[in-house]
Amino acid sequence: MIRVGMGTTSVLPRRLEPAFRLAREAGFDGIEVMITSDRATQSARAIGALSSRYGMPVLSIHAPVLLFSTLVFGRDPRTKLERAAALAAELGATTVVAHPPWRWQSRWAAAFEAAVAGIAAASGVTVAVENMFPIAAGGRARDAFAPHWNPAELAVDRLVLDVSHASMARVSALELARAWGDRLHHVHLCDAAAPDAGGLLADAHLVPGRGGQPVAALLRHLVASRFAGDVVAELNTRHCGRDDAARLAELRETVGFAREHLA
């Protein structure tokens, strides 16, 4: 049975303890912890205590990639990924989510594929690479990631599909899933603009069913293709501020949508 988890970024600006509490109240099966500048997200002891208190297993760890976590675990990207994998292994999480290198990280880009395989083997945790998107600059879309925003272009075994990022790349998340086949290991569940939407796009991370991506069909495809990974909600609920009742309603809507289409 496919587990439905919640990424801790789904409750920002709320912190780690409310994330575990809201994940339990919403009915998720577990949680994905994004490592940030919040020291609790970097500590196996703190995460493990919350996991036990709220009965929420840690399904996955997201390596530190957000702008406000630039210096978390140092500046070296290999060290960041190694420490994320070590944290996952200590917590019993099965997956570490990584982003492809920025194009300006030429040395890391050259070493990335071998590093992913080596760190996975050394830690015993799957390191899966997430799809990103071109970035508008100078009036045109430029690929800011090396060698491409689509991790299927990399020699890595396991891939993470983010529905909102697919919209930013103006592609269908369902078509990416079909193209990736058995390499698809992990899904970040959300919604965003339709793949053929015009104009400027936002990395929306909407509640599934509120955008234009074929999210319901994607989830049904996972079942039909005997997908063996986890589906983890990664929403943007910042508009809820500190209103946890409103945030919880969106999280419960997401769980309901996932359960309906994964049935």
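Everything that follows concerns the structure shown earlier in this document.
Treat the numbers as computed from the prediction; the structure is a model and nothing was measured.

Undergrad: I tried to follow the side chain of Arg 14 on my own but got confused; where do I start?
TA: Along the polypeptide, Arg 14 turns up in the loop between strand S1 (4-7) and helix H1 (16-26). At a separation of 2.9 Å, a polar atom in the side chain of Arg 14 contacts the side chain of Asp 244.

Undergrad: Looking at this structure, how should I read the pairing of strand S8 (residues 159-162)?
TA: For a regular strand, side-chain orientation follows a simple rule: the groups alternate between the two sheet faces. In S8, alternate side chains face the same way, and those of Leu 159 and Leu 161 on one face and Val 160 and Asp 162 on the other are all buried. Where strand S5 (residues 126-130) meets S8, two bridges bridge the pair, whose relative direction is parallel. Note that in S8 the partner of Val 129 across the bridge is Leu 159. Sheet analysis places S8 next to strand S9 (residues 184-189), joined by four bridges and oriented parallel. Across the sheet, Leu 161 pairs through a bridge with Val 187, a residue of S9.

Undergrad: So what exactly am I meant to see when it comes to the environment of Gln 213 here?
TA: Summarising the element assignment, Gln 213 is placed in the loop between S9 and helix H7 (215-224). A relative accessible area of 6% places Gln 213 in the buried class. Separated by 42 residues in sequence, Gln 213 and Val 171 have C-alpha atoms that sit 9.0 Å apart. Apart from the residues lying within four places of it in its own chain, the contact partners of Gln 213 are Val 163, Ala 166, Ser 167, Val 171, Ser 172, Ala 173, Asp 191, Ala 192, Ala 193, Ala 194 and Pro 195.

Undergrad: Would you mind going over the environment of Ala 93 with me for this structure?
TA: By secondary structure assignment, the location of Ala 93 is in the loop between helix H3 (77-91) and strand S4 (95-98). The exposure class assigned to Ala 93 is buried, which follows from its relative accessible area of 6%. It is 9.5 Å that separates the C-alpha atoms of Ala 93 and Ile 31, two residues lying 62 residues apart in sequence. Every residue in contact with Ala 93, bar those within four places of it in the chain, is listed here: Val 58, Leu 59, Ser 60, Ile 61, Ala 88 and Val 125.

Undergrad: How should the sheet that holds S9 be read in this particular structure?
TA: Pairing between the strands of a sheet is mediated by backbone hydrogen bonds and can be parallel or antiparallel. Reading around the barrel, the eight strands line up as S1-S2-S3-S4-S5-S8-S9-S10 and close back on themselves, with parallel pairing between neighbours. Taken pair by pair, the neighbouring strands of this sheet meet at an average axis angle of 30°, ignoring direction. One ladder, built from three bridges, connects S1 with strand S10 (residues 230-233); its direction is parallel. Looking at the pairing, Met 6 lines up with Ala 233 of S10.

Undergrad: Please clarify how the pairing of S9 should be interpreted in this entry.
TA: Of all six residues that make up S9, six are buried, and the element is covered over most of its length. Chirality of the crossover, the property in question, places the unit of S9, H7 and S10 among those that are right-handed.

Undergrad: I tried to follow helix H2 (residues 44-54) on my own but got confused; where do I start?
TA: Since one α-helical turn is 3.6 residues long, residues separated by three or four positions face the same way. Regarding H2, the residues found buried are Ala 44, Ile 47, Leu 50, Ser 51 and Tyr 54. One face of H2 carries all of its buried residues, which in axial projection span an arc of 140°. Among the exposed residues of H2, those pointing more than 90 degrees away from its buried face are Arg 45, Ser 52 and Arg 53. Looking at the packing, one finds that the buried side of H2 touches H1, strand S2 (30-34), strand S3 (58-62) and H3. Where H2 ends, the next residue or the one after it, Gly 55, has phi of about 65°, a positive value.

Reading the values: rules and limits
Throughout, a residue's number is its position along its own chain's written sequence, starting from 1. Residues qualify for local features only when their pLDDT is at least 70, as the model is predicted, and side-chain atom pairs are given and counted only at 80 or more; totals for whole chains, interfaces and linings, by contrast, use all residues. Only hydrogens and water are removed before side-chain values are computed, so all heavy atoms of the structure are retained for them. Helix and strand assignments come from DSSP, with helices taken as H or I runs of at least 4 residues and strands as E runs of at least 2, each series counted from the N terminus. Any N or O atom pair separated by 3.5 Å or less is treated as a polar contact, with the protein-specific requirement of one donor-capable and one acceptor-capable atom, and with residues adjacent in sequence counted only for side-chain atom pairs. Relative accessible area decides the class of each residue, using a 1.4 Å probe on protein chains only: under 20% of the type maximum gives buried, over 50% gives exposed, and in between gives partly exposed. Only strands that DSSP links by at least two bridges are regarded as paired with each other. The contact rule is simple, with two residues in contact once any of their heavy atoms fall within 4.5 Å. Angles shown run from 0 to 180 degrees and are taken between the N-to-C directions of axes, each axis being a line fitted to C-alpha atoms and, for helices, limited to the stretch in contact. Handedness of a crossover: with both strands directed away from the viewer, a clockwise path from the first strand across the helix to the second marks it as right-handed. Taken from the helix axis, the directions to the C-beta atoms give the arc we talk about.

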